[in-house]
Amino acid sequence: MTQAAFEGIMLLVLTWAAMFSVRAGLFNLALEAEFASGIVASFFAWMFCPSIMRLNLFVAGLGCVVVATIVGGVVGKVYGWLTARADLDPIVCGIALNGAIVPFGAWAYSSWYLPWESAERGGRNLSARIMALNLDEAGLVLCFIVLAAGLSGFFTWWLRNSTKGTRLLASGLSEAAAREAGIEVRRIRLTASVWSGCVCALAGALYVFFVSASSYSTESTMGRGFVALAVSLSARRGVFLVGWLAFVLGALSTLSQTWFRDIFSSRIQEGNIAFIAGAIPYFAVLALLVAVNVIVRLYRRT
């Protein structure tokens, strides 16, 4: 259950990152690259972390998170400059960055970081250090959920009530009208892309410290960035609601693998179980979206 909750929180953070861009009118297809850059940056920040910082895993982990968010912001700025400033096609730019950064990160991890960590010198093995903590995972999950709920509420309030939030929304609703109102659309979209990259990389750091600190490959992202982007397109139903739909989707994507395998493993070939179980959460979230639409329409009629 705790693993499923961490998956849900990670997808929730990725959805926030996607909504920064989507609400500004920027279709960010580089989320996978930004997510992968956060993962790889966290590993290498640990690798080059001073020995004195490794004595305290919290301090070292915080340093890794800071490095990851900076690297993600740089990737986001590159994508924002290519699309918002240079007016290049966002789909082509997103595919190009994903195709370059995701496999390069996997190669760098396997070629440099993994051999270094395998030596296990002086307690430098990150996965072993995390396992040795024996954390209260249930309490940690509860803290993350409470924190995520508070940040979701703040993000919703910021978009609707702050000057910068309304300008961000105006840039996404109508570029022409925003320009007539004196809003610098390109600058806002570039800033949104940077913030999106930072938050995306933060999700990558969460992946390293709470999901898998022992491995990374091109399959590690598993299309999470694209899933978050798809969920964020429903943000017109409310930022707070859509964020928690992403949490449900992330949690179900993990739980369904175990539940479905336990129930049907004797009836369905193992190769088909993962495929069918992986599709269940998406149908569940689709059903939730339909239910929300029905409830909203019924409420408006009363």
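Before going into details, it helps to say that this report is about the structure given with it.

About the cut-offs
- Residues numbered from 1 in each chain as written.
- Predicted model: local features only at pLDDT ≥ 70, side-chain atom pairs only at ≥ 80, totals over all residues.
- Heavy atoms only, no water.
- Helix = DSSP H or I, 4+ residues; strand = E, 2+ residues; numbered from the N terminus.
- Expected span 1.5 Å × (residues − 1).
- Buried < 20%, exposed > 50% of the residue type's maximum accessible area, 1.4 Å probe, protein only.
- Arc of directions from axis to C-beta.
- Contact = heavy atoms within 4.5 Å.
- Core = buried A, V, L, I, M, F, W, Y, C linked by side-chain atoms within 4.5 Å.
- Phe/Tyr/Trp six-rings, centres within 6.5 Å; stacked < 30°, edge-to-face > 60°.
- Patch = residues over 30% accessible without salt bridge, like charges linked within 9 Å, V, L, I, M, F, W, Y side chains within 5 Å.
- Areas by Shrake-Rupley, 256 points an atom, 1.4 Å probe, with all protein chains shown as cover.
- Salt bridge = Lys/Arg side-chain N within 4 Å of Asp/Glu carboxyl O.
- Axes fitted to C-alpha atoms, helices over the stretch in contact; angles between N-to-C directions.
- Parallel < 35°, antiparallel > 145°, perpendicular 65-115°, else oblique.
- Left-handed = near helix turned anticlockwise from the far one by under 90°.
- Nonpolar A, V, L, I, M, F, W, Y, C, P; charged D, E, K, R; others polar.

Right, let's get into helix α4 (residues 57-85). The terminal C-alpha atoms of α4 lie 40 Å apart, and with 29 residues this matches the ideal 42 Å at 1.5 Å per residue to within 8%. Count one or two residues on from α4 and you reach Asp87, which has phi positive near 60 degrees.

The set of residues buried in helix α8 (residues 163-173) consists of Gly165, Leu168, Leu169 and Ser171. In a view along the axis of α8, the buried residues occupy a sector of 155 degrees, so they form one face of it. Projecting away from the buried face of α8 at angles above 90 degrees are the exposed residues Thr163 and Leu173.

The next point concerns the side chain of Arg189. Along the polypeptide, Arg189 turns up in helix α10 (residues 185-210). Here Arg189 falls in the buried class, since its relative accessible area comes to 14%. Contacts of Arg189, omitting those with residues within four sequence positions, involve Ala24, Gly25, Leu26, Ala84, Ser171 and Glu175.

Moving on, we get to the nonpolar core. Of all hydrophobic cores here, the largest spans 67 residues; its most connected members are Trp16, Phe35, Phe43, Trp46, Tyr113, Leu126 and Tyr216. Mapped by element, the contributors of at least two residues to this core are α1 (2-23), α2 (31-47), α4, α5 (90-118), α7 (137-161), α8, α10 and α11 (224-232). Counting residues per element, this core draws most heavily on α1, at 13 residues.

Turning to the packing of aromatic side chains, a few remarks are in order. Scanning the model with the defined rule gives 12 aromatic pairs in all. With a centroid separation of 4.9 Å and 50 degrees between ring planes, the pair formed by Phe43 and Tyr109 is classed as tilted. Of this pair, Phe43 sits in helix α2 while Tyr109 sits in helix α5; the two residues are 66 residues apart in sequence, bridging distant segments of the chain. Judged by its relative accessible area of 2%, Tyr109 is buried. Put simply, the rings of Phe43, Phe44, Phe104, Trp107, Tyr109, Trp112, Tyr113 and Trp116 pair up and form one aromatic cluster.

Another aspect to go through is a nonpolar patch on the surface. On the surface, a nonpolar cluster with roughly 640 Å² of combined accessible area is contributed by Phe58, Val59, Leu62, Val66, Ile70, Val74 and Val78. Structurally, Ile70 can be placed in helix α4. Exposure remark for Ile70: the relative accessible area of 52% places this residue in the exposed category.

Looking now at the packing of α2 against α10. Two numbers describe how α2 lies on α10: the axes approach to 7 Å, and their chain directions differ by 50 degrees. Judged by the angle between their axes, α2 and α10 are oblique. The crossing of α2 and α10 is right-handed. For the pair α2 and α10, the contacting residues are Leu31, Glu34, Phe35, Gly38, Ile39, Ser42 and Phe43 in the first and Ser193, Ser196, Gly197, Cys200, Ala201, Ala203, Gly204, Ala205, Tyr207 and Val208 in the second. Looking at the contact of α2 with α10 residue by residue, the class counts come to 10 nonpolar, 6 polar and 1 charged.

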